[in-house]
Structure formats: C-alpha cells, structure tokens
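Each chain, letter by letter, is given below.
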Amino acid sequence: MLSDRFGRSIDYLRLSVTDRCDLRCTYCIPKGFKGFEEPKHWLTFDEIERLLSVFARLGTSRIRMTGGEPLLRRNLPELAGRIARLPGIRDLSLSTNATRLDRHAEALKAAGVSRINVSLDSLDRGCMEKITGRDSLGQILDGIMAGKAAGFDPIKINMVAMRGINDGEIDSMVEFCIEHGFILRLIETMPMGATGRDTGFLDLGPIQSRLSQKFGLRPQAAELGGGPARYLATEDGKASVGFITPMSQHFCATCNRVRLSVDGTLYLCLGQEEKFEFRPLLRGGASDAELEAAIRTAIELKPQKHEFREAPAKIVRLMSQTGG
Ligand code: SAM
C-alpha cells in the first residue's frame, strides 16, 4: 500500500488521457487557448498500461479516466479494457462531458468501465451555450441517456455552482436528478488558472441547508465512491445530493488520490506545484523496479493541503491540464 508523509493511503489515480476538449467551459479552458500538449508527448496505451500495472502492484485499486474530454482520445474503450484487466484494479470509472457518450457508452461498459460522472451545469439551452461556448445541451442529454440505457448505475451529475450564472438552477437540477435516478454533486469553483479565478465563487454551505429543508435531505452515512463529496439523501434513501467544497470546507486530510496527466506528469495535488515526470523513465528503458521506486519517491512529494484560499493566484494550470 502506498502512503504519504502524512499517513494518507493513496489508492486512487485519475488518469488524463487527453488535455483537449470539445467544450470551452468559462471556468476551465479559455477561448482561443493554444497550449495543448504535443501528440508525441502523449503517453501511449502501452506506456499507460505498464505504468498503471506498477501502480496497481503498489496498491492502487481505483482508476478514473478523465481529461480534457476523455472521449476525444481515439480508441478509449480499448484502453479501458486494458486497464480493467490489470490485476489489482477493482474499479474503473470515467468523467466525461457526454457530448460523445451516445457513440461509446456500450463499448465502454463492455470494456469494464463501471461508473460514469457527467458534467452538466445547467438544463437551460442558452445557459449551457454561454457556459460551454456552444449549443451543447441536446448532445449532452442524449449522451447521458445513452449511458443510462447502457446500464451505467449510478450516473453522477457534476454541476459547478457559479454565482449569478447557474445558481438559480440548482433546484431544477436536483429535481431532474431525482426524476432520473442520477446522483447530483454540486461543486465549488476552484481558482485554477485565470478562468477558474474569474468565475463567481458560490459557498455551498447555505445552499446545502436550503436544499436539506426543501427536499427533506439527511446526512448519508454510506460511502458513495470514496471521494470528497459529503452526501445528503432523501428520507426514502432513493435520491442523494453530494457537496464538493474544496473552498469553504476543504477535505485534504482524507485525500487519497494523485493525477497522471496525458504527458506522463504525476501531479500530487490540484492546488500545488509538486509533480514527478514519468515519461522520461518510461521512454528511457526503466525497469519495473525503477518505476516502483520512482512512484514511492513521487508519493513522498504529496503536499499536506492545497492553498486555494490562502494563495488563489498560485495555480496557473487549468483543470483540463492536470486532469480534473
Ligand atoms: N471533460 C470531462 C468532464 O467534463 O467531466 C472531464 C474533465 S473536466 C476538467 C472535470 C471536471 O472539472 C468537470 O466536472 C469540470 O466542471 C470541473 N472543473 C473544471 N475547471 C474547474 C474549476 N476551476 N473549478 C471546479 N471545477 C472545475
């Protein structure tokens, strides 16, 4: 088992398979952004499989494929199958914006992806166009329904809550998720890059109290994925809403994850600079034992906590570059 200097077990890896995206969400990739990683620097499927097999031998049991938009990476279901078959991996999931999910949902399910999270910030077509930079809502809803039809259960809907942008739509999103059996997670915007910093931050504390009253929500004890969300559920237990509050109430003490970007850089924290580059080792003929040693060295670098509140201008990396 990997554990860091602060006694946290690290058993979860978020794998960014691309830093590109077909949307330009206002809080994420700036319009006209050109700083994407060159294809020759992308880890190949063979390199990813090899590195993850070493992580798995050291106790990493859960992998989430993310990006950028992971469904832009060609042949993703093939990679999913290769990861799902690695000894020690017991949970493979995907974060997607769902614009292409209708084409790939069945193949991903067959390949061994067990759970999906979909970003959806609004159910209003015009609002989604403003947030994502294009008329995307119809495609996204088709994708979500294709995911449901393919048997993904649960489907979690991630909504970044933004003051003055979509905060008036939280209740209708709760109702939509209850109706379809999805788990809604509300997320506070993080100051990653100027785009993240310039987005109207909304403290989810008061929203949580209001929704609890309106929908009769109670704290839920059962774990729903081992992540940082705190969940509240309806009295009959049939629907739940999660709150991810990196800003108003951070959860660094229980952080169990690291992030591997598309170019093979392992980021130890979303909100700090500590990193370790694996591509030179993978392309320089490192043995498995050397990779194991490098992973242990990298985990030692994991910082205690982010400083999004104390030093909001510190992180110039976009979420899509780290692997959200
Ligand atoms: N494209 C995939 C998706 O849409 O889920 C995966 C990558 S995306 C970067 C992962 C998540 O990061 C999305 O839910 C997105 O809303 C969120 N995100 C991006 N920038 C953020 C920021 N500055 N603060 C909070 N969440 C952010």
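Keep in mind that this is a model prediction, so the values were computed, not measured.

## A closer look at helix α3 (residues 101-111)
Residues spaced three or four apart along an α-helix point in a common direction, a consequence of the helix completing one turn every 3.6 residues.
Then, number 1: Among the residues of α3, Leu101, Ala105, Leu108 and Ala111 are the ones counted as buried. Buried residues of α3 fall within an arc of 140° about the axis and therefore sit on the same side. Set apart from the buried face of α3 by more than 90 degrees, the exposed residues are Arg103, Glu106 and Ala110.
Then, number 2: Where α3 is buried, its residues meet α2 (76-84), β3 (91-96), β4 (115-119) and α5 (137-149).
Then, number 3: Note on α3: the residue one or two positions beyond its end, Gly112, has a positive phi of about 115°.

## Comments concerning helix α6 (residues 170-180)
Then, number 1: Residues of α6 that are buried include every one of Ile170, Asp171, Met173, Val174, Phe176 and Cys177, and no others.
Then, number 2: Just downstream of α6, Gly181 is the residue with a positive phi angle, here 75°.

## Points about the sheet that holds strand β8 (residues 230-233)
Then, number 1: Taken together, the 12 strands give an open sheet; going across it, the order is β7-β8-β9-β6-β5-β4-β3-β2-β1-β10-β11-β12, and neighbouring strands pair in mixed fashion. In this open sheet, the two strands that pair with only one neighbour each are β7 (218-219) and β12 (275-277).
Then, number 2: As defined by bridge partners, strand β1 (residues 12-16) adjoins strand β10 (residues 257-260) across four bridges and the pair is classed as parallel. Counted as the bridge partner of Tyr12 is Arg257 from β10.
Then, number 3: In the packing of helix α1 (residues 45-57) onto the sheet, contacts are made with β1, β2 (62-66), β10 and β11 (265-267), and the angle to β1 comes to roughly 170°.

## A short note on the site of the ligand
Then, number 1: Close to the ligand lie 18 residues; Tyr27, Gly68, Glu69, Ser119 and Met190 are nearest.
Then, number 2: One of the backbone N or O atoms of Gly68 is found 2.9 Å from a nitrogen atom in the ligand.
Then, number 3: Between an oxygen atom of the ligand and a side-chain N or O atom of Ser119, the distance comes to 2.7 Å.
Then, number 4: Starting from 550 Å² of accessible surface for the ligand in isolation, the protein chains cover 93%.
Then, number 5: Of all elements in the fold, only β3 and β5 (155-161) reach the threshold of two or more residues within the shell around the ligand.
Then, number 6: Grouping the amino acids of the shell around the ligand by side-chain chemistry returns five nonpolar, 11 polar and two charged.

Rules used throughout
Residues numbered from 1 in each chain as written. Predicted model: local features only at pLDDT ≥ 70, side-chain atom pairs only at ≥ 80, totals over all residues. Heavy atoms only, no water. Buried < 20%, exposed > 50% of the residue type's maximum accessible area, 1.4 Å probe, protein only. Helix = DSSP H or I, 4+ residues; strand = E, 2+ residues; numbered from the N terminus. Arc of directions from axis to C-beta. Contact = heavy atoms within 4.5 Å. Pairing = 2+ DSSP bridges. Axes fitted to C-alpha atoms, helices over the stretch in contact; angles between N-to-C directions. Near = heavy atom within 4 Å. Polar contact = N/O pair within 3.5 Å; in protein donor to acceptor, adjacent residues only side chain to side chain. Areas by Shrake-Rupley, 256 points an atom, 1.4 Å probe, with all protein chains shown as cover. Nonpolar A, V, L, I, M, F, W, Y, C, P; charged D, E, K, R; others polar.

Nothing here speaks to function; it is geometry throughout.
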